[in-house]
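# Structural characterization, general
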Amino acid sequence: MPSKIRLLSTDFDGTLVAHGGDPVLDPACMGYIGKLQENGVIWAINTGRSVNLLESGLEDFEFPVHPDFILTSERDVFRPSSNGGKWEPYGDWNERVAREHAELFQSAESVLAEVVDFVNHKTKARLLYHSAGLEGLVAENEEELDRVTKFIDRAREKQPKFHYQRNTVYLRFCHADYHKGAALAELSRLLEIPREAIFAAGDHHNDISMLDGRYAKFPACPANAIAEVREAVRSAGGYVAANGYGAGVHEALRFFSN
């Protein structure tokens, strides 16, 4: 199975995984990715999930093939562990990302306070915290999240590096320079694989950074992708599949592999 693709970067939920679908995973897609791996193609899952949530997802959905690398939380890069564990940071990227996020959130405290006040008093959204502090929020619906992002877009004008990633009703605060596309670019640099040999597939807002043509020559999306993603893929000369979820990824992979 000769292929001009050397690296796959695929989203997880809504792209490979069809929640509520039957089947949840497309067998033909999983089989095709496995055959590509056998022929030396590297597969990375590029997701908003944390490492632990991704590992549980791979197990819960009984993935028949497993990724060579994982890009998690829309910014971190992990490779298989060399000391018996499952995954370890690849290089110093994750450390740099964490440091720049900490510095940003400290300098953008006033912007974050405005956002928190708006969310608490003008919406029914719920703020999400982790051990390092405020991480993001979950809205009641996507219309409410649209209102929140419009407010953030105005508030961040004085602190443009303060940004967010969104997927369905979830939003994560982040540094504008770090996203799925940037994580993919770092992995491609470490693996010495050029943009011209990279395929990327996703379905939602937080996938656009890896689908706009900057980091992958072969961007694609399944038929269930939101309109903004389909437009980004078309604008980058990519492939918008007729099928949804994994079947659409399989369709796109076959299109670009021929």
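Residues numbered from 1 in each chain as written. Predicted model: local features only at pLDDT ≥ 70, side-chain atom pairs only at ≥ 80, totals over all residues. Heavy atoms only, no water.

Take the overall build of the protein next. Across its full length, the protein holds eight helices and 12 strands. Here the C-alpha atoms of the protein give a radius of gyration of 18 Å, agreeing with the 18 Å that 2.2 N^0.38 yields for 258 residues. Projected onto the principal axes, the alpha-carbon positions of the protein cover approximately 55 × 40 × 35 Å. Taken across its 258 residues, the protein has 53% of its residues classed as buried. A fraction of 56% describes how many contacts in the protein between residues 6 or more apart in sequence connect residues 24 or more apart. (Helix = DSSP H or I, 4+ residues; strand = E, 2+ residues; numbered from the N terminus. Rg over C-alpha atoms; globule rule 2.2 N^0.38 Å. Buried < 20%, exposed > 50% of the residue type's maximum accessible area, 1.4 Å probe, protein only. Contact = heavy atoms within 4.5 Å.)

Within the secondary structure layout, Asn-46 lies in strand β2 (residues 42-46). Under the relative-accessibility criterion, Asn-46 is labelled buried at 0%. Other than its neighbours up to four places away in sequence, Asn-46 contacts Ser-9, Thr-10, Asp-11, Phe-12, Leu-71, Lys-180, Leu-184 and Met-210.

Turning to unusual backbone geometry, a few remarks are in order. Across the chain, the bulk of peptide bonds are trans and the bulk of non-glycine residues have phi less than zero. Following Asp-22, the chain continues into Pro-23 via a peptide bond in cis, with omega recorded as 10 degrees. Relative to the elements of secondary structure, Pro-23 occurs in the loop between β1 (7-10) and α1 (27-38). Of note in the backbone geometry, Ser-73 takes a positive phi value of approximately 55 degrees without being a glycine. Mapping Ser-73 onto the fold places it in the loop between β3 (69-72) and β4 (76-80). Phi at Tyr-245 takes a positive value of approximately 50 degrees, unusual for a residue other than glycine.

Let us look at the sheet that holds strand β11 (residues 218-221). As a general point, the strands of a sheet are linked pairwise by backbone hydrogen bonds and lie either parallel or antiparallel. Here eight strands make up an open sheet; going across it, the order is β5-β4-β3-β2-β1-β10-β11-β12 and the pairing mixed. With one partner strand each, in any of the chains shown, β5 (87-89) and β12 (239-240) form the two edges of the open sheet. In the sheet, β3 pairs with β4 via three bridges, with the strands oriented antiparallel. By the bridge assignment, Thr-72 is partnered in β4 with Asp-76. Contacts from helix α2 (residues 51-60) reach β2, β3, β4 and β5 within the one sheet, and its direction differs from that of β3 by about 125 degrees. Its contacts with the sheet place helix α3 (residues 93-107) against β4 and β5, and it is angled at close to 160 degrees to β4. (Pairing = 2+ DSSP bridges. Axes fitted to C-alpha atoms, helices over the stretch in contact; angles between N-to-C directions.)

In this section: the pattern of salt bridges. Applying the stated criterion to the full structure yields 14 salt bridges. Here Arg-49 makes a salt bridge to Asp-13, at a shortest N to O gap of 2.8 Å. Of this pair, Arg-49 sits in the loop between β2 and α2 while Asp-13 is found in the loop between β1 and α1, placing the two residues 36 residues apart along the sequence. Residue classification places Arg-49 among the buried residues on the basis of a relative accessible area of 17%. It is possible to trace a salt-bridge network through shared partners that takes in Asp-92, Arg-96, Glu-186 and Arg-189. (Salt bridge = Lys/Arg side-chain N within 4 Å of Asp/Glu carboxyl O.)

This part covers the sheet that holds strand β8 (residues 162-167). One open sheet holds the four strands; their spatial order is β6-β7-β9-β8, and the pairing between them is antiparallel. Each having just a single partner strand, β6 (126-130) and β8 make up the two edges of the open sheet. The mean inter-strand angle of the sheet, taken between neighbouring strand axes irrespective of direction, is 35 degrees. As paired strands, β6 and strand β7 (residues 133-138) are joined by five bridges and run antiparallel to one another. In the strand pairing of β7, Leu-128 is matched with Gly-136. Seen against the sheet, helix α5 (residues 142-155) touches β7, β8 and β9 (170-175) and runs at an angle of roughly 165 degrees to β8.

Every buried residue of α2 is accounted for by Val-51, Leu-54, Gly-57 and Leu-58. Viewed along the axis of α2, the buried residues span an arc of 125 degrees, placing them on a single side of the element. For α2, the exposed residues set more than 90 degrees away from the buried face come down to Asn-52, Glu-59 and Asp-60. Against β2, β3, β4 and β5 lie the buried residues of α2. Looking at the residues trailing α2, positive phi occurs at Glu-62, about 55 degrees. (Arc of directions from axis to C-beta.)

Function cannot be read off these values alone, since they describe shape.
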